[in-house]
Amino acid sequence: MRAEHPKLEAGLAALGIDVRSGTSLSELTSLGIGGTTDLLRITKHDSIPELIGLLEHHDIPYKFLGGGSNLLVGDGELPWVILQLAKPDPEIVLEGNFAHVDAAADLGRTVTFCAKHDLGGMEGLIGVPGTVGGALRMNAGAYGMQIGSYVRKVKLYRAAERKIEILSGEQISFEYRHTSFGPDDMMLAVTLELPSKPFKEILQGIRICNEKRRSSQPLGQKSAGCIFKNPPGASAGRMIDELGLKGLSVGDAKVSDRHANFFVNAGQASAKDMLALISDVRGRVENAFGVKLENEVVVWNA
Ligand code: EPU
């Protein structure tokens, strides 16, 4: 999809939107998979309601991209433009135990920045790729913690209301890899309340989590983290492993040899390859265990 109408281009320029035409989503996703479209980078949160109105006026469908680390995007020319927040400076402002963080901030950098100021709690999230906004939307978690526990306020674009709103933590429900945000809501900023802890202690926790992750996950390879959610009381990775499916591949899409719930792009995998592999593995697990695995990865397929 191209944002090419002259009136649209003028409108985008007036809103301070940085247009990068013909961007390949394979460069913006950790899987390294995805077709081509125009990327619209938002420099001012306040411009979003007008931007959405402008795109709708010109019949241009859009999708909102965070860090692209939990996402499988279709191949070829994509039927929507992509909206993404540009990173502001500064990304994080601290006020006592509160961290005010822009949604575009890198999650790992946020964890370490807070740690250096003796604010802990998020050690488990070290090594989870992506932005704070993406982590918030999915309620990212690892090693017994989840980001939702620390959320006190969220600034977001409410698609249903067509306006920017501020929600308190109590107005949002955070469940296992799921939140009450609407599918088209855009996360803009968050206030986290973090427990005080000496940096050295936080660092110790970070080191332990890093070590666990390094020993069990294929960190150097292109992946979207875990492909499936864990069904209640079970582990998708263990089930896939028990079926001997590590190394199973369709084209260059491959079940990781290290962790069976990570599917990696071992070269030039297409979305079609990856989707075929997901469907094959889901079918085999269902046949063997009677459990239909749900995607954890978000799929944008035309
Ligand atoms: N296991 C196997 N074979 C494998 C993988 C795992 O037998 O190939 C076994 C492990 O030995 C362990 C059990 O399955 O006994 C659970 O494995 P692990 O500790 O690796 O955790 P997981 O349930 O597979 C979850 C999250 C991860 C998160 C880790 C650590 C989900 C879907 N996955 O994985 O999150 O990093 O716990 O807390 O909830 C993600 O969200 O993308 C993600 C990777």
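Visitor: Would you mind going over the sheet that holds strand 16 (residues 249-250) in detail, with residue names and values included?
Guide: Strands in a sheet are paired, the pairing made by backbone hydrogen bonds, and the direction either parallel or antiparallel. Spatially, the four strands line up as an open sheet ordered 15-18-17-16, and their pairing is antiparallel. Taken across any chain shown, the strands that pair with only one partner, and hence form the sheet edges, are strand 15 (222-226) and strand 16. Here three bridges tie strand 17 (residues 253-255) to strand 18 (residues 262-265), and the two strands are oriented antiparallel to one another. Bridging across to strand 18, Ala 253 finds its partner in Asn 265.

Visitor: Run through the nonpolar core, naming residues and quoting values.
Guide: In this structure, Leu 40, Ala 103, Leu 125, Val 132, Ala 135, Leu 136 and Val 190 are the most contacted members of the largest nonpolar core, which totals 53 residues. Take this core: its biggest share by element is six residues, from strand 14 (residues 186-193). Counting contributing residues per domain, this core is built from domain 1 (6-85) and domain 2 (92-200), each supplying no fewer than three. For Ala 103, the contacting residues outside a window of four places in its chain are Leu 85, Thr 131, Val 132, Gly 133, Leu 136, Met 187, Leu 188, Ala 189 and Val 190.

Visitor: So what's going on with unusual backbone geometry? Residues and values would help.
Guide: That bond from Asp 89 to Pro 90 is cis: its omega, 0°, falls within 30 degrees of zero. With respect to the secondary-structure elements, Pro 90 resides in the loop between strand 5 (81-85) and strand 6 (92-95). A positive phi angle, near 60°, is found at Arg 162, a position not held by glycine. You can see Arg 162 is positioned in the loop between strand 10 (151-158) and strand 11 (163-168). A residue is classified by how many C-beta atoms lie within 10 Å of it, and Arg 162, with 12 of them, is exposed.

What counts, and where the lines are drawn
Position labels on residues start from 1 in each chain and follow its written sequence. Given that the model is predicted, a residue must reach a pLDDT of at least 70 before its local features are reported, and side-chain atom pairs must reach 80 or more before they are shown or counted; all residues, however, enter totals for whole chains, interfaces and linings. Pairing between two strands requires that DSSP report at least two bridges joining them. Under the DSSP-based scheme used, a helix requires at least four consecutive residues in state H or I and a strand at least two consecutive residues in state E, with every element numbered from the N terminus. By our criterion, buried Ala, Val, Leu, Ile, Met, Phe, Trp, Tyr and Cys residues that link up through C-beta atoms within 7 Å make up a nonpolar core. Comment: burial labels come from other C-beta atoms within 10 Å of the residue's own C-beta, placed from the backbone, where a count of 20 or more is buried, 12 or fewer is exposed, and between is partly exposed. Boundary definitions for the domains trace back to an automatic or database domain assignment. Contacts here follow a simple rule: the backbone-placed C-beta atoms of the two residues must lie within 7 Å.

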